[in-house]
Amino acid sequence: MKNSRNRYRSESSNVRSLERRLSLRERLFSMLAIRRGKQRVKRGIKVFLVALPLLFLVWYSIDYALDMAYGMSVEYIHFQSRHGIIDKEKTLQLLDIEGRVNMATLNTESLRRKLEAVPGIRSAVIRAELPDTLYIEVEERIPIVFVEWEDGVRTGDRSRFFMDPEGVLFRPHDELHGQFMGVATWYLRPEDAAKLSEGEKIEEQLSRPIARLVAASNKYNPDEIPRIVEIFHPKDWEFRLVLETGTEVIMEKRNIHEQMDRLAMIFDHARATHRKLRSVNVIPALNPVAVFEEENEQKPKK
């Protein structure tokens, strides 16, 4: 059997060797060449017929996947604002989301960074849930005071920013912050900060007492303690407040809640005696100093 196979191989090799001696025309039109061509065509047709369904299946799968991807648009947006300062419409404007948004191409991480780049927004969570729902959660910065330079009138720098409890500055927005436009203004000394700009953070040793002061005053309604209009700190340990009644208040930065309690009692006494406070020093725990308007009135000369 081995010799027989070798013989056939030898004969096949001899045939091909003889064919090479023929002319090109004779080689192309010989019966052997025609038979070989027909066999190759048949094999090609078989391969094509087998591959055609596979090619169609691949094409259909790709086309279906693309149709599904482009058809998965955001249909529902669930929005939640932590403090109710910014609404859904304004948030979508900040994200530049309009019309139909494709879920397949939506980059939620990029959208989150875009929102958190807004100084008035503290944090954001954005997630997409297939097939058609987008969740947006926003935590805004709460304005507790305006911040300005104490010598702004003299220097001409009237920069004005909101500050949140963490000391971060951001620009007021009339549409978003309408309910906060009545907060007090804190006047910074030149040595307190290098500059005032959006996104800057006031040093904690300066901003934390202000946050405590605002929190302590918010415990009382305006009938008990009039609203604070201006805040100065001429010394590192001292506050000087101007209330909406024109009353000036001297406080120290320690024990702010206790001093507020004393201030509330002094105002309660002033109302009971039908007198108006001109100035108050609530630093002394036992004998706070209260000056009433009638005590400073000079008697007319005769």
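Everything below is about the structure printed above this text.
Conventions used here
Residues numbered from 1 in each chain as written. Predicted model: local features only at pLDDT ≥ 70, side-chain atom pairs only at ≥ 80, totals over all residues. Heavy atoms only, no water. Patch = residues over 30% accessible without salt bridge, like charges linked within 9 Å, V, L, I, M, F, W, Y side chains within 5 Å. Areas by Shrake-Rupley, 256 points an atom, 1.4 Å probe, with all protein chains shown as cover. Salt bridge = Lys/Arg side-chain N within 4 Å of Asp/Glu carboxyl O. Helix = DSSP H or I, 4+ residues; strand = E, 2+ residues; numbered from the N terminus. Core = buried A, V, L, I, M, F, W, Y, C linked by side-chain atoms within 4.5 Å. Buried < 20%, exposed > 50% of the residue type's maximum accessible area, 1.4 Å probe, protein only. Contact = heavy atoms within 4.5 Å. Axes fitted to C-alpha atoms, helices over the stretch in contact; angles between N-to-C directions. Left-handed = near helix turned anticlockwise from the far one by under 90°. Nonpolar A, V, L, I, M, F, W, Y, C, P; charged D, E, K, R; others polar.

Student: Hey, could you go over a nonpolar patch on the surface for me, with residue numbers and the actual values?
Tutor: On the surface, Val41, Ile45, Phe48, Leu49 and Leu52 cluster together into a nonpolar patch covering about 480 Å² of accessible area. Relative to the elements of secondary structure, Val41 occurs in helix α3 (residues 31-71).

Student: So what's going on with the nonpolar core? Which residues, and what values?
Tutor: The biggest cluster of nonpolar side chains holds 39 residues, and the ones touching the most others in it are Trp186, Ile231, Leu241 and Met260. The element contributing the most residues to this core is helix α8 (residues 256-272), with 7 residues. With residues up to four places along the chain from it excluded, the contact list for Met260 reads Leu213, Ala216, Ser217, Tyr220, Ile225, Ile228, Leu241 and Met251. Listed in part, the 23 residues of the second largest apolar core include Leu95, Val101, Met103 and Phe162.

Student: Tell me about the environment of Asp261, and please be specific about residues and values.
Tutor: With respect to the helices, strands and loops of the structure, Asp261 is situated in helix α8. Residue classification places Asp261 among the partly exposed residues on the basis of a relative accessible area of 32%. As for Asp261 and Tyr220, which are separated by 41 residues in sequence, their C-alpha atoms are 9.3 Å apart. The contact partners of Asp261, leaving out residues within four places of it in the chain, are Lys219 and Tyr220.

Student: Requested: an account of the packing of helix α7 (residues 204-217) against α8, with residues and values cited.
Tutor: Between α7 and α8, the shortest axis-to-axis distance is 9 Å and the interhelical angle comes to 35°. α7 and α8 meet at a crossing whose hand is right-handed. Two secondary-structure elements touch here, α7 through Pro209, Arg212, Leu213, Ala216 and Ser217 and α8 through Ile256, His257 and Met260. Its residues assigned to classes, the contact of α7 with α8 comprises 5 nonpolar, 2 polar and 1 charged.

Student: How would you summarise the pattern of salt bridges if you had to cite specific residues and measurements?
Tutor: Tallying each qualifying case throughout the model produces 23 salt bridges. A salt bridge links Glu148 to Arg160, with the nearest nitrogen and oxygen atoms 2.9 Å apart. Here the residue Glu148 occupies a position in strand β4 (residues 145-149), and Arg160 occupies one in the loop between α6 (152-155) and β5 (161-163), the gap between them amounting to 12 residues. Under the relative-accessibility criterion, Arg160 is labelled partly exposed at 38%. Linked through salt bridges whose partners overlap, the residues forming this network are Arg82, Arg122, Glu139, Arg141, Asp164 and Glu166.

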